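Each chain is listed here by its residues.
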Amino acid sequence: KNQVEQSPQSLIILEGKNCTLQCNYTVSPFSNLRWYKQDTGRGPVSLTIMTFSENTKSNGRYTATLDADTKQSSLHITASQLSDSASYICVVSFSGGYNKLIFGAGTRLAVHP
Amino acid sequence: EAGVTQFPSHSVIEKGQTVTLRCDPISGHDNLYWYRRVMGKEIKFLLHFVKESKQDESGMPNNRFLAERTGGTYSTLKVQPAELEDSGVYFCASSQGLTYNEQFFGPGTRLTVL
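So, a few notes on the structure that sits alongside this text. (Residues numbered from 1 in each chain as written. Chains lettered and ligands numbered in written order. Predicted model: local features only at pLDDT ≥ 70, side-chain atom pairs only at ≥ 80, totals over all residues. Heavy atoms only, no water.)

Considerations on the pattern of salt bridges
All names here are of chain A.
- By the definition in use, this model includes five salt bridges over all chains.
- Here Glu54 makes a salt bridge to Lys57, at a shortest N to O gap of 3.1 Å.
- When its relative accessible area of 26% is taken as the criterion, Glu54 is described as partly exposed. (Salt bridge = Lys/Arg side-chain N within 4 Å of Asp/Glu carboxyl O. Buried < 20%, exposed > 50% of the residue type's maximum accessible area, 1.4 Å probe, protein only.)

Listed below in structure tokens is the structure:
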């Protein structure tokens, strides 16, 4: 069964600290893996997209890693800011020509001052 | 450039009534997707349009749901008759290409069926 699992379910950190979110997937055949940020009441916004041949990609203070062999990904947030408080969703694209996305349940991050 | 827009932002209806959700994709995007997040669960795929054609509707839960994209521009998703389990947030997304292209999401329509 094609699944995406994320951990932790929720996380609280202090402003300025770093954190790492985890994603494991069983989607096959795999096309690419995306991390999205979703603020409350808004739609998801793409942070990174990685194919199986890429093992790291950065977008500002966000760095995603991918190990296609172990089917694991992580999203590292550096020097967190209050505005980083959101849900972070790992999404795997199912290779079938039509870019079908399989979503994880998300990690809810709260950054406190 | 305007993003993906959805209307209404919220809808509260009674069981058995009909509701129509609308999505306006980013201009020029041939691919339009509908997704749904039911309370406490992950976002799930409903269907995919390429222009006005349904490319993949494998995620549509049942025949109470009807999606259209006449003319290949905006899309509507009608639920008739609505049931309690249809409550959730319905997202629309659009993209220019397929495999490696970013999907841009709208803000979603929160549907509550009482």
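Topic: the sheet that holds strand β3 (residues 19-25) of chain A
Residues and elements named next belong to chain A.
- The strand order across the open sheet formed by five strands is β1-β3-β8-β7-β6, and the pairing between neighbours is antiparallel. Edge positions in the sheet fall to β1 (4-7) and β6 (56-59), since each of these pairs with one other strand and no more. For this sheet, the mean inter-axis angle between neighbouring strands, taken without regard to orientation, is 15 degrees.
- Where β3 lies against strand β8 (residues 72-77), six bridges are found, and the strand directions are antiparallel. Bridge pairing in β8 links Cys23 to Ser73. (Pairing = 2+ DSSP bridges. Helix = DSSP H or I, 4+ residues; strand = E, 2+ residues; numbered from the N terminus. Axes fitted to C-alpha atoms, helices over the stretch in contact; angles between N-to-C directions.)

A look at the state of the cysteines
- Counted by the stated rule, this structure contains two disulfides over all chains.
- One disulfide in the model links Cys23 of chain A with Cys90 of chain A; its S-S distance is 2.0 Å. One disulfide, between Cys23 of chain A and Cys90 of chain A, carries an S-S torsion of -65 degrees and so falls in the left-handed class. With Cys23 of chain A in strand β3 and Cys90 of chain A in strand β9 (residues 86-94), this residue pair connects regions lying 67 residues apart in the sequence.
- Of the residues examined, Cys90 of chain A reaches a relative accessible area of 0% and is grouped as buried.
- The residue that forms a disulfide with Cys23 of chain B is Cys92 of chain B, at a sulfur-sulfur distance of 1.8 Å. For the disulfide bridge between Cys23 of chain B and Cys92 of chain B, the dihedral angle about the S-S bond is near -60 degrees, and by the sign convention the bridge is left-handed. Of this pair, Cys23 of chain B sits in strand β3 (residues 19-24) while Cys92 of chain B sits in strand β9 (residues 88-95), and the two are 69 residues apart along the sequence. (Disulfide = S-S within 2.5 Å.)

In short, geometric facts, not functional conclusions.
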